[in-house]
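# Architecture and fold: a report
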Amino acid sequence: MPKNISIQNYLSEVRFLAKIDKKTFNDNLKKSEEILEIKFKKNRKIKTLSSGQQKLLSLLVLLTVKPDVVFFDEPTANLDPQNKEIIIKIIANLKNENRIVVVVTHLIKEVENILTDVVILDSSKIVYNKPRNKKDDVQNIFNSLTTSSNNVTNKKMEEYLND
């Protein structure tokens, strides 16, 4: 997200890139603002927003543009509990709209209940790739599959510090 432009200019760029006509975009934007219960002062520069507000602006754009595939990178990091809940509800709703939703996070417990499939990477390799069973404790699965690499890292760090 460009930091040195106004929210209005950013929204205009998004509309242009998404190839959405002005009326449809503005109608979608108004509905999205109502869903999020948020109204940004459009002349503010993005850099003046807190990191939480910037995430909400990204979410506003997402709801306005309505893409078929959505990627979230640490969607709940650095947010207060109320905004975390909003984001998790939005992710669950997007998933229920048959969109492809990919969530990259180390805060597994926050999103565990909305997962349908789980892919765990360790040292750039897929070590787990299965549909989520509601009985699974994804955090424990993650910990059990990534512990060995953490031990290797800890051993290397010990060796480095002891040299």
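Small disclaimer: the values here were computed from a predicted structure and weren't measured.

Parameters and conventions
Residues numbered from 1 in each chain as written. Predicted model: local features only at pLDDT ≥ 70, side-chain atom pairs only at ≥ 80, totals over all residues. Heavy atoms only, no water. Helix = DSSP H or I, 4+ residues; strand = E, 2+ residues; numbered from the N terminus. Buried < 20%, exposed > 50% of the residue type's maximum accessible area, 1.4 Å probe, protein only. Contact = heavy atoms within 4.5 Å. Areas by Shrake-Rupley, 256 points an atom, 1.4 Å probe, with all protein chains shown as cover. Patch = residues over 30% accessible without salt bridge, like charges linked within 9 Å, V, L, I, M, F, W, Y side chains within 5 Å. Salt bridge = Lys/Arg side-chain N within 4 Å of Asp/Glu carboxyl O. Axes fitted to C-alpha atoms, helices over the stretch in contact; angles between N-to-C directions. Left-handed = near helix turned anticlockwise from the far one by under 90°. Nonpolar A, V, L, I, M, F, W, Y, C, P; charged D, E, K, R; others polar. Expected span 1.5 Å × (residues − 1). Arc of directions from axis to C-beta. Parallel < 35°, antiparallel > 145°, perpendicular 65-115°, else oblique.

## Describing the overall build of the protein
- Each helix and strand counted, the protein has 6 helices and 4 strands in total.
- Each helix (α) and strand (β) of the protein, taken in turn from the N terminus, gives the series α-α-α-β-α-β-α-β-β-α.
- Put simply, the protein has 163 residues, and 35% of those count as buried.
- Considering only intrachain contacts with a sequence separation of at least 6, the fraction spanning at least 24 residues in the protein is 56%.
- Looking at the protein as shown, the accessible area adds up to about 11,000 Å², and 52% of this sits on carbon and sulfur atoms.

## As for a nonpolar patch on the surface
- There is a patch of nonpolar side chains on the surface, built from Val 69, Phe 71 and Ile 100 and spanning about 320 Å² of accessible area.
- If you trace the backbone, Val 69 turns up in strand β1 (residues 69–73).

## Side note on the packing of helix α1 (residues 7–18) against helix α3 (residues 51–65)
- Orientation of α1 relative to α3, taken along the N-to-C sense of each, is 35 degrees, at an axis distance of 11 Å. In terms of crossing hand, the pair formed by α1 and α3 is right-handed. Contacts between α1 and α3 involve Ile 7, Tyr 10, Leu 11, Val 14 and Ala 18 on the former and, on the latter, Leu 57, Val 61 and Val 65.
- Each residue belonging to the contact of α1 with α3 can be placed in one class, and the counts come to 8 nonpolar, no polar and no charged.

## Here we look at α1
- Taking 1.5 Å per residue as the helical rise, α1 with its 12 residues ought to reach 16 Å, and the 16 Å between its terminal C-alpha atoms agrees with that figure.
- Looking only at α1, the buried set comprises Ile 7, Tyr 10, Leu 11 and Val 14. Burial along α1 is one-sided: seen end-on, the buried residues are contained in an arc of 100 degrees.
- Each element contacted by the buried residues of α1 is listed here: α2 (22–36) and α3.

## A word on the packing of α2 against α3
- One way to put it is that α2 packs onto α3 with a least axis distance of 8 Å and a crossing angle of 130 degrees. By the angle between their axes, α2 is oblique relative to α3. Here α2 and α3 pass one another in a crossing that is right-handed. For the pair α2 and α3, the contacting residues are Phe 25, Asn 28, Leu 29, Ser 32, Glu 33, Ile 35 and Leu 36 in the first and Leu 56, Leu 59, Leu 60, Leu 63, Thr 64 and Val 65 in the second.
- Here the contact of α2 with α3 is built from residues that sort into 9 nonpolar, 3 polar and 1 charged.

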